[in-house]
Amino acid sequence: MALRAYELGIIIAGELEEPAAADRQKTLAQQIAAAGGTIVGPADWWGRRRFAYPIEKKWEGYYVFYNVLAEGGALDDFERQLRIADDIVRHVLFRLPDSEAKRRGMTQAA
């Protein structure tokens with residue numbers, strides 16, 4: 001199966017302290033690797049941001065984005081873990097178009 005390029009965005013709960021959220025971000029990177037994904041480049045850490053509206057009665061969260069190469073379906077179990085994790089407010093995983101993957105230097109997926 002060919003590798004596909006994905007962008008993964010995660011919002012970590014804002015009630016965590018900054019060091020704990022940074023540790024969680026590193027743990028997420030390890031979980032992505034364990035699931036069969038390869039992170040391309042450094043994680044895009046936005047830090048703590050205020051939401052426009054409350055999400056699950058929370059007003060703030062830490063945003064982090066990853067560029068990931070993985071086979072189709074390899075991250076399904078990882079996504080299930082994100083859905084049930086208490087410290088993850090939201091996540092989104094979407095496949096990048098081949099042109100965008102090439103622009104980001106993820107040419108294995110193109």
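Okay, the packing of aromatic side chains next. Counting across every chain of the model gives four aromatic pairs. Considering the side-chain rings of tryptophan 45 and tyrosine 62, the 5.7 Å spacing of their centres and the 15° angle between planes classify their relative orientation as stacked. Remark: tyrosine 62 occurs in strand S4 (residues 58-71) and tryptophan 45 occurs in strand S3 (residues 44-55); sequence separation between them is 17 residues. Note on tryptophan 46 and phenylalanine 65: the rings are 4.7 Å apart at their centroids and 50° apart in plane angle, and the pair reads as tilted. Of the two residues, tryptophan 46 is situated in strand S3 and phenylalanine 65 in strand S4; the sequence distance between them amounts to 19 residues.

A few words now on the nonpolar core. In terms of nonpolar packing, the biggest core is built from 17 residues, with Ile10, Leu28 and Tyr66 touching the most fellow members. Going through the elements one at a time, strand S1 (3-13), helix H1 (18-34), S4 and helix H2 (76-84) are the ones with two or more residues in this core. In terms of residue count, S4 provides more of this core than any other element does, five residues in total. If near-sequence neighbours (up to four positions away) are discounted, leucine 28 is found in contact with Ile10, Ile12, Tyr66, Phe78, Leu82 and Ile88. Counting residues in each nonpolar core, the second largest holds seven residues, with Ile11, Phe51, Ile55 and Val89 among its members.

Okay, the packing of H1 against H2 next. Running from N to C, H1 and H2 cross one another at 150°; their axes reach a closest spacing of 9 Å. On the basis of their axis angle, the class for H1 and H2 is roughly antiparallel. Handedness of the crossing formed by H1 with H2: right-handed. Between H1, through Leu28, Gln31 and Ile32, and H2, the contact on the second element is made entirely by Phe78, Gln81 and Leu82. Of the residues that constitute the contact of H1 with H2, the class distribution is four nonpolar, two polar and no charged.

Inspection of the sheet shows S3 paired to S4 by seven bridges, in the antiparallel sense. Within the sheet, the bridge partner assigned to arginine 49 lies in S4 and is glycine 61. In this structure, the hairpin formed by S3 and S4 is closed by a connection of two residues, where glutamate 56 is found at a positive phi of approximately 50°.

Analysis parameters
Residues numbered from 1 in each chain as written. Predicted model: local features only at pLDDT ≥ 70, side-chain atom pairs only at ≥ 80, totals over all residues. Heavy atoms only, no water. Phe/Tyr/Trp six-rings, centres within 6.5 Å; stacked < 30°, edge-to-face > 60°. Helix = DSSP H or I, 4+ residues; strand = E, 2+ residues; numbered from the N terminus. Core = buried A, V, L, I, M, F, W, Y, C linked by side-chain atoms within 4.5 Å. Buried < 20%, exposed > 50% of the residue type's maximum accessible area, 1.4 Å probe, protein only. Contact = heavy atoms within 4.5 Å. Axes fitted to C-alpha atoms, helices over the stretch in contact; angles between N-to-C directions. Parallel < 35°, antiparallel > 145°, perpendicular 65-115°, else oblique. Left-handed = near helix turned anticlockwise from the far one by under 90°. Nonpolar A, V, L, I, M, F, W, Y, C, P; charged D, E, K, R; others polar. Pairing = 2+ DSSP bridges.

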